[in-house]
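Observations on the model geometry
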Amino acid sequence: MDPMRRSLKPRGTVGTLPTLAAVAVLAVLPACSSDPSEEPSEVAQSQETETEAPTGGHIATVLADEIEVRSEPNGSEVVHTLASPNDFGADRTFLVQQTQGDWLEVLLPMRPNGSTGWIESGDVEVTVTEFHVAIDMSEFTFTVTEGEEDLLTGPIGIGTGETPTPPGEYYFTELLKPSDPGGEYGAYAFGLSGHSDTLESFAGGPGQLGVHGTDDESGLGGEVSHGCIRVSNDDITWMAERLPIGTPVEINE
């Protein structure tokens, strides 16, 4: 089957996303489909001493059109230069891990999962969210909290034994709105900062993970994907209407 060309539609803070081929959409959410032949329909004050990030998720949004990531604070070697917006039109964001003077250690959206680097605080705008998404793979459930309050919980589908969902700390990197909520990616799809441990590439993409909806809830409560987290369309719509890009996502075994 020839790949169908489809446009990505932004939601919330993702800005304007370009028209891309379906294979490019899979570069965002390549590990979501239970069948590689399936395609989506249409597709979003620094402190002087070293401290952990204060309570709440601190989201660093890049202000310029690129940012330098260093191996250590205080002007050490540049290990990455990342563009903003990212490849899908979303403002480049990071989840802050700790501060040291005018430097922020941030979680990076690249392999290996859990990679961090240092950026200058003056190059980003830092905002705080009390939202947090916890994924419990042993119970096949997710829970969204705001501070200490549980707001929403529901069933999930996860990766199979051959393409498991890797546990770890991640964050939302973009939010996409498929034009067909009955398609493979449901009503909305969040990109995650993590990648599959077993798929170096998938359908032309880098094996990036995601959290997305589905109108087929028969797979929820089981192992059904190439690594992505599936939730009901009602639940992903609730998330899309409330959770900002940069929201922390913790995936537990």
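What you are looking at is a predicted structure, and each value in this text was computed from that prediction instead of being measured. (Residues numbered from 1 in each chain as written. Predicted model: local features only at pLDDT ≥ 70, side-chain atom pairs only at ≥ 80, totals over all residues. Heavy atoms only, no water.)

**Some thoughts on the overall build of the protein chain**
- From N to C terminus, the protein chain includes 2 helices and 21 strands.
- Relative to its full complement of 253 residues, the protein chain shows a buried share of 53%.
- Split by element, the accessible area of the protein chain, about 11,100 Å² in all, is 45% carbon and sulfur. (Helix = DSSP H or I, 4+ residues; strand = E, 2+ residues; numbered from the N terminus. Buried < 20%, exposed > 50% of the residue type's maximum accessible area, 1.4 Å probe, protein only. Areas by Shrake-Rupley, 256 points an atom, 1.4 Å probe, with all protein chains shown as cover.)

**Thoughts on the environment of Arg242**
- Looking at the element boundaries, Arg242 is found in the loop between α2 (233–240) and β21 (248–252).
- With relative accessibility at 39%, the residue Arg242 sits in the partly exposed group.
- Residues Arg242 and Phe131, 111 residues apart in the sequence, show an inter-C-alpha distance of 8.9 Å.
- One polar contact links the side chain of Arg242 to the main-chain carbonyl oxygen of Trp238, over a distance of 3.2 Å. (Polar contact = N/O pair within 3.5 Å; in protein donor to acceptor, adjacent residues only side chain to side chain.)

**Observations concerning the pattern of salt bridges**
- Tallied over the full model, the rule gives 3 salt bridges.
- The closest approach of N and O atoms between Arg230 and Glu184, which form a salt bridge, is 3.2 Å. With Arg230 in strand β20 (residues 229–232) and Glu184 in the loop between β16 (168–177) and β17 (189–195), the pair connects residues that are 46 residues apart, well separated along the chain.
- Residue Arg230 is classed as buried on the basis of its relative accessible area, which comes to 11%.
- Residue Glu184 is classed as buried on the basis of its relative accessible area, which comes to 16%.
- Between Arg242 and Glu241 there is a salt bridge, with the nearest N and O atoms lying 3.6 Å from each other. (Salt bridge = Lys/Arg side-chain N within 4 Å of Asp/Glu carboxyl O.)

**Remarks on the packing of aromatic side chains**
- Following the criterion strictly, the structure yields 1 aromatic pair and no others.
- On the numbers, 3.9 Å between centres and 15° between planes, the contact of Phe172 with Phe190 is stacked. You can see Phe172 sitting in strand β16 and its partner Phe190 sitting in strand β17, a full 18 residues away along the chain. Both residues of the pair, Phe172 and Phe190, belong to the buried class. (Phe/Tyr/Trp six-rings, centres within 6.5 Å; stacked < 30°, edge-to-face > 60°.)

**Focus: the side chain of Asp235**
- Tracing the backbone through its elements, the reader meets Asp235 in helix α2.
- Of the side chains with opposite charge, Arg242 comes closest to the buried, unpaired Asp235, at an N-O distance of 9.2 Å.
- Residues contacting Asp235, with those up to four places away along its chain left out, are Phe142, Leu152, Gly154 and Pro155. (Lys, Arg positive; Asp, Glu negative; His and termini not counted. Contact = heavy atoms within 4.5 Å.)

**Topic: the side chain of Arg70**
- With respect to the helices, strands and loops of the structure, Arg70 is situated in strand β6 (residues 66–70).
- Looking at Arg70, the relative accessible area reads 15%, which means it is buried.

**What to know about a negative patch on the surface**
- There is a patch of like negative charges on the surface, built from Glu130, Glu146, Glu148, Glu149 and Asp150.
- Residue placement: Glu146 occurs in strand β13 (residues 141–146). (Patch = residues over 30% accessible without salt bridge, like charges linked within 9 Å, V, L, I, M, F, W, Y side chains within 5 Å. Charge placed at Lys NZ, Arg CZ, Asp CG, Glu CD.)

**Notes on α2**
- Most of α2 sits out of view: 6 of its 8 residues are buried.
- When α2 is considered as a whole, its buried residues turn out to be Asn233, Asp235, Ile236, Trp238, Met239 and Ala240.
- Where α2 is buried, its residues meet β13, β14 (149–155), β16, β17, β18 (208–214) and β20.

**Some details on the nonpolar core**
- Residues Ile135, Val144, Phe190 and Met239 are the most contacted members of the largest nonpolar core, which totals 28 residues.
- Counting only elements with at least two residues in this core, the list comes to β12 (131–136), β13, β16, β17, β18, β20, α2 and β21.
- Val144 has contacts with Phe131, His132, Val133, Glu149, Asp150, Leu151, Leu152, Trp238, Met239 and Leu243, leaving out every residue within four places of it along the chain.
- In this structure, Ala60, Ile67, Phe94 and Leu95 belong to the second largest nonpolar core, which totals 16 residues. (Core = buried A, V, L, I, M, F, W, Y, C linked by side-chain atoms within 4.5 Å.)

**Things to note about the pairing of β16**
- When you tally the buried positions in β16, you get 7 out of 10 residues, the bulk of the element.
- Pairing analysis gives 4 bridges linking β16 to β21, with the strands arranged antiparallel. For Gly168, the partnering residue across the bridge sits in β21 and is Ile251.
- Examined bridge by bridge, β16 and β17 share 4 bridges and lie antiparallel to one another. Residue pairing in the sheet places Glu174 in a bridge with Gly191 of β17. (Pairing = 2+ DSSP bridges.)

**Section: the confidence of the model for the protein chain**
- Mean pLDDT over the protein chain stands at 83; residues scoring 70 or higher make up 76%.
- Under a pLDDT of 50 for its full length, residues 1–30 has, in the predicted model, 89 contacts with residues more than four places off or in other chains. (pLDDT = per-residue confidence, 0-100.)

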